[in-house]
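Notes for the structure review
One letter stands for each residue in the lines below.
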2 protein chains.
Amino acid sequence: MKNKEIRVRCWVYIDGSKFFGPGRAELLSLIKESGSISKAAKAMGMSYKKAWAMIDEMNSLGQKPYVITQKGGHQGGGTALTETGKKAVAAYERLLHKIQTTINRESTILEFF
Amino acid sequence: MKNKEIRVRCWVYIDGSKFFGPGRAELLSLIKESGSISKAAKAMGMSYKKAWAMIDEMNSLGQKPYVITQKGGHQGGGTALTETGKKAVAAYERLLHKIQTTINRESTILEFF
């Protein structure tokens, strides 16, 4: 018996371009947990430079910044999600959950594969 | 006012590997319409060889063949979807439609982006 499953990937597009999807959602979640861009980047196997570029693009293109970095202390201060960032991650996760519920309800289509 | 939208891509995985998704669904739909692998491949900007490899893999890994090619005539015969192929395409489109309905219902999340 083969193991069959349905998987989706979901993105928010702004003006026809990918703006927010699985990668950015994971990055923001990891920043929220760790308070650090470099730890989040490392956990995703990504360079700090790339992670920072992703955040910079989100902060510039979104309505409001998603991530704030506070300088200070010899550790270089901390990084946190803004309210907008927290709400965006929560909204994206809620959407994925709803889509997963739909998929579970439609899983009988797997018999045709 | 920026144009924001949610888009998804959806795949059926068999034993942990992508088996059927947007590309194969489009290929099968085009074969169904045109009765020809080469026309379908051309419409997708894909080589005949690649299209044939996709079909061959589907026919081998799926429970039953999805596409049948009938030899004969100097045009090289015709190509059509099997009942399994037709049902798979229809089931996949139904799933996408249901997911789209869920997305439309949840579109208020776009305010957070």
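The model shown is predicted, which means the values in this text are computed figures rather than measured ones. (Residues numbered from 1 in each chain as written. Chains lettered and ligands numbered in written order. Predicted model: local features only at pLDDT ≥ 70, side-chain atom pairs only at ≥ 80, totals over all residues.)

1. Some details on the sheet that holds strand β2 (residues 17-20) of chain A
- Across the sheet, which stays open at both edges, the 4 strands sit in the order β2(A)-β1(A)-β1(B)-β2(B) with antiparallel pairing between neighbours. The two strands at the open ends of the sheet, each matched to only one other strand, are β2 of chain A together with β2 (17-20) of chain B. On average, each strand axis in the sheet is tilted by 60° relative to the strand beside it, whichever way the strands run.
- Bridge analysis of strand β1 (residues 4-14) of chain B against β2 of chain B gives 3 bridges, and the strand direction is antiparallel. Residue Tyr-13 of chain B lies in a different strand from β2 of chain B, and its bridge partner there is Lys-18 of chain B. (Pairing = 2+ DSSP bridges. Helix = DSSP H or I, 4+ residues; strand = E, 2+ residues; numbered from the N terminus. Axes fitted to C-alpha atoms, helices over the stretch in contact; angles between N-to-C directions.)

2. A short note on unusual backbone geometry
All names here are of chain A.
- The backbone of Asp-15 sits at a positive phi, close to 45°, despite the residue not being glycine.
- For Asp-15, the location among the structural elements is in the loop between β1 (4-14) and β2.
- On the basis of neighbour count, Asp-15 is assigned to the exposed category, with 10 C-beta atoms found within 10 Å. (Buried ≥ 20, exposed ≤ 12 C-beta atoms within 10 Å, placed from the backbone.)

3. Some words on the confidence of the model for chain A
- Here chain A averages 91 in pLDDT, and 95% of its residues register 70 or above.
- Across the interfaces of the predicted complex, the ipTM metric reaches 0.85, alongside a pTM of 0.85. (pLDDT = per-residue confidence, 0-100.)

4. As for the relation of the copies chain B and chain A
- Note on the copies: chain B fits chain A at an RMSD of 0.0 Å, the axial shift is 0.0 Å, and the rotation between them is 180°. Seen this way, the second copy is the image of the first under a two-fold rotation axis. In terms of C-alpha distance to the rotation axis, chain B has Arg-9 of chain B as its closest residue, with the C-alpha 2.7 Å off the axis.
- Interface residue correspondence from chain B to chain A reaches 100%, placing this contact among same-surface, isologous pairings. (Least-squares fit on C-alpha atoms with pLDDT ≥ 70 in both. Contact = placed C-beta atoms within 7 Å.)

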